[in-house]
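Coordinates in review
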Amino acid sequence: MAAISASPELLRRAVAPKAVGWAAVFLAVFGLWIALPPVMTRSALWPFLLCGVAAALGAWVTTQGERKLGWGAVGVAVICAVLGYGATLSSVAHLDGAQLSDAGPGVVDWGQMINLMFVFATPLAYAALGGLFSERSGVVNIGLEGMMLAGCFFGVLGADKLDSWLLGVVCAMVSGAVLGLIHAFLSIHMRADQIVGGTAINFLALGVTGYFFIEVYGENGTISSEIPDIPDVNLHFLDHIPPHSYGPHGFWYTAIGNLNLMIWILFGLLVAVQILMFRTSIGLRLRAVGEHPRAADTVGISVYATRYGAVVLSGVVASLGGAYLAIGYTHSFTENMTAGRGFIGLAALIFGNWRPGGAFAAALLFGFFGGLATRIQQYGYEPQVLLQALPYVVVLVAVVGVIGRSIPPASVGRPYVRQ
Amino acid sequence: MTDRDKRVEEERIEAERQALDQELPPTPSGADYAPSVAARLEMLQRAGGVVIPVVTTIFALLMAMIVIAATGHNPFTAFRGIFNGTGLNWFFPWVLGADRANAAFNLQQTLIVTASLILAGLGVSFAFKCGLFNIGANGQYIAGSLVAVWVGSSWASMAGGLHIFLAVVLAALVGAAWAGIAGFLKATVGAHEVITTMMLNFVASYVAQALVGRGGQLQNTVDQSNPVSSDIVQRAHLPVFWGDPVLQGLHVGFFVALAMPVVFWLVLNRTTLGYEVRATGFNPEAARYGGVNVKRSYISAMAISGFFAGLAGAIDILGWQFRLGVLDIQIVQVGFIGIAVALLGRNSAVGIVLAGLLFGALTQGTSTRNPAIADIIDPRLTGNLSIIIQGLVLLFVGADLLFLWLWQLRKKLRRAPTAAPQPGAAS
């Protein structure tokens, strides 16, 4: 002990709680990774050993003042240990299709996993970007869920009745804008509690979409599968780039070669939002209104107009996520089909520290687990239903681990009164 | 006028302005406003009293009628069907014979739903009082139901009263623990309770579905293809005091639901814990400064909130459901309706009972179990209609400033012929 306390600065920095905490996180992920292809250890000992060490390190970190990071590391270690154990229990063929080409791809086909990660992350990322506009302007938007759901239904309705997926997307955007306008009016002019207002939006969207779904499609209970879909973007040249995997397509094509158009639009939107928010005067004004509305008002920025614009835009972007979900991915509508994705998007926004890039990274993380849960279920393991809880548990752990390092806009949730 | 005079004059004006500012009540909004749900509701309680909930309800029902009319159904027959389905016509002395028997049966169903809604509303409301938004009452309800089913279907030899007591208390405690997770996370790392409770909802739902579903530990042993739990033993059923026990009469859990608002009021207004919870809800910073352990308030408020929600799950299982199926878990909405109950009832014990009755009647009247509407309008439509009404109620509860403005406008218009409106009177 004396040696450590008298040790040079370098050693002290090496055992700094923060560094140890992150090392624990990586160690836990490594423990999971070795249970997966291509390494694929068949003994449960290694994942348990590595994750156990990681959890112990995390627990030590909690006693050293880095409590959030420490608990985050413990949470990651537990999840990785469980998943790693599950991986060692399942057969090689299930894990890795490359070992058995006639059995088709296994659960851990990295190309498919990346593809599914994008598929599942996209609605979350749209919701998070929508929330970004609203929250950066100082209005909490719990109603993202409802706005997405409206986007789902009115996207399907528009695409079906107007016979064009583009008009369907437009319908979705209009529905999101209307809900955004209601939320804006409630939180800006009515000075309502913004969480109550958002909950009202969620209920309204749930009821209205359910009502009109029964009213329009109630006879047969489903929507015909012939509604126009948002097209996929096929990038066939990716097939010629190694590494080639088994099956009809290569790794790159499987991963990003046939993503939906809405996913590519999302990538463009991310860049656009980053530039808009941090490189233009509009973005500066919007952020100023969210940080200190009185100061913004004093220099002549209209707080009300800015917030109205931001919240309506928020509804439009969130409903795009719904449109993707309904007419880009599932090609149908079911009541309450968003299943909490708006809330996960909000969590991604918090996890990503109210920045487009961070929110997208968080959405990818949550989307990865959503995809993983679905993929494992496709292979018919017993606790199928339990696996569906996985993405939500990951969100819980992530939100708990990150809070404190992520700083919300200063005036978020506070109504503003002009004087 | 010299510079000195000018400065004196400016100082005088400034002093007058400050004096005027002090006379005016502090505006509860703007940059200094701590955005706590409880404080805001408390303010509107003074402003609106009982008028706004009533007006809110009427507006919401009117708009629901417009929705029905706009989609080509007759709103009056539909609402009469819903009303008769609630069984509230039992109170009309001219309803006789078979109608009266039907009405009594329907009223029992309404009150069964009302009981759990009151408890869920109390749960949501207790968190509100601490400035917390417990959107996860549904998950806590599911946790309570699950424990009630587990206890109720095990230990068949236990004495009836003890069995019921054990099931109810354990279910409520597990509900409290489930909500307590969110309270603990809020208190220790500051995780926002809306996100954590929402995620806990999904986790509770899927865990419960896994346990009672095919191959789950609590699934029934009779029919392995049926994803339903075992039935609870006969002795663990709550006694029925009105109606036929076989045909789902009104159970004594209803009295629990009527007693709990009293407990709610006593805990909030007559205990140190309740005082600290309310102080935290008004202003956490001020409470901390005043020596209140804010973290403990968060945890205990959430735990008590979950206690009520878990209790709701227990009396539903022991009172009329007797088993828990995967489908039951998927469609349960009690915790979410509890939000509307708490807000419409303005977080007061009496208000929650009345709002619980309203939403209980609405839920029963619009459900597929109401035969009266089946040939008038598709019950799936009215089921969604009741969700729309809940949304509208929340919307109008949020927009109560609108009603205040309209009210003031009306007064101003009435005064206009006699006296000119004073400038600046409308703030």
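Below, the structure is looked at part by part. (Residues numbered from 1 in each chain as written. Chains lettered and ligands numbered in written order. Predicted model: local features only at pLDDT ≥ 70, side-chain atom pairs only at ≥ 80, totals over all residues.)

It is worth spelling out the overall build of chain B at this point. Across its full length, chain B carries 18 helices and 2 strands. Here chain B holds 427 residues, and 52% of them are scored as buried. The contacts of chain B with a sequence gap of at least 6 include a subset with a gap of at least 24, amounting to 75%. (Helix = DSSP H or I, 4+ residues; strand = E, 2+ residues; numbered from the N terminus. Buried ≥ 20, exposed ≤ 12 C-beta atoms within 10 Å, placed from the backbone. Contact = placed C-beta atoms within 7 Å.)

Regarding its fold elements, chain A presents 19 helices and 0 strands. Relative to its full complement of 419 residues, chain A shows a buried share of 54%. Across chain A, the fraction of contacts at a sequence separation of at least 24, relative to all contacts at a separation of at least 6, is 73%.

As a further point, take the environment of Gly180 of chain B. All names here are of chain B. Within the element layout of this structure, Gly180 appears in helix α7 (residues 160-188). Between the C-alpha atom of Gly180 and that of Glu10, which follows or precedes it by 170 residues, the distance is 56 Å. Residues in contact with Gly180, not counting those within four places in the same chain, are Ile299, Met302, Ala303 and Gly306.

All names here are of chain A. Viewed as axis vectors pointing N to C, helix α8 (residues 144-162) and helix α9 (residues 165-189) meet at an angle of 145°, and their least axial separation amounts to 7 Å. Between α8 and α9 lies a crossing of right-handed hand. Counting all contacts with α8, which are made through Gly146, Met147, Ala150, Gly151, Phe154, Gly155, Val156, Leu157, Gly158, Ala159 and Leu162, the residues of α9 involved are Trp165, Leu167, Gly168, Val169, Val170, Cys171, Ala172, Ser175, Gly176, Leu179 and Gly180. When its residues are assigned to classes, the contact of α8 with α9 shows 14 nonpolar, 8 polar and no charged. (Axes fitted to C-alpha atoms, helices over the stretch in contact; angles between N-to-C directions. Left-handed = near helix turned anticlockwise from the far one by under 90°. Nonpolar A, V, L, I, M, F, W, Y, C, P; charged D, E, K, R; others polar.)

Quick look at helix α5 (residues 97-129) of chain B now. All names here are of chain B. If you check α5, its first and last C-alpha atoms are 46 Å apart, about what 33 residues at 1.5 Å a residue would give, namely 48 Å. Here α5 lies mainly inside the structure; 25 of its 33 residues are buried. A positive phi of about 80° marks Gly131, the residue just after α5. (Expected span 1.5 Å × (residues − 1).)

Contacts between the two partners involve 46 residues from chain A, matched on the other side by 45 residues from chain B. When the residues that make up the side of chain A that touches chain B are grouped by side-chain class, the tally is 30 nonpolar, 9 polar and 7 charged.

It is worth spelling out the environment of Ile114 of chain A at this point. Residue and element names in this part refer to chain A. Within the secondary structure, Ile114 sits in helix α7 (residues 110-136). With 18 C-beta atoms packed within 10 Å, Ile114 lands in the partly exposed category. A C-alpha to C-alpha distance of 28 Å links Ile114 and Glu226, two positions 112 residues apart in sequence.

Residues and elements named next belong to chain B. You can see Asn138 is positioned in helix α6 (residues 137-153). Judged by the 28 C-beta atoms lying within 10 Å of it, Asn138 falls in the buried class. For the pair formed by Asn138 and Arg380, sequence separation is 242 residues and the distance between their alpha carbons is 21 Å. Discounting chain neighbours no more than four positions away, the residues touching Asn138 are Asn201, Val332, Val334, Gly335 and Phe336.

Glancing now at helix α14 (residues 334-344) of chain B. Since there are 3.6 residues in each turn of an α-helix, residues three or four apart along the chain are aligned in direction. All names here are of chain B. With 11 of 11 residues buried, α14 lies mostly within the body of the structure. The complete set of buried residues in α14 reads Val334, Gly335, Phe336, Ile337, Gly338, Ile339, Ala340, Val341, Ala342, Leu343 and Leu344. Backbone geometry just downstream of α14 places Arg346 in the positive-phi region, at approximately 55°.

These figures come from the coordinates and say nothing about function on their own.
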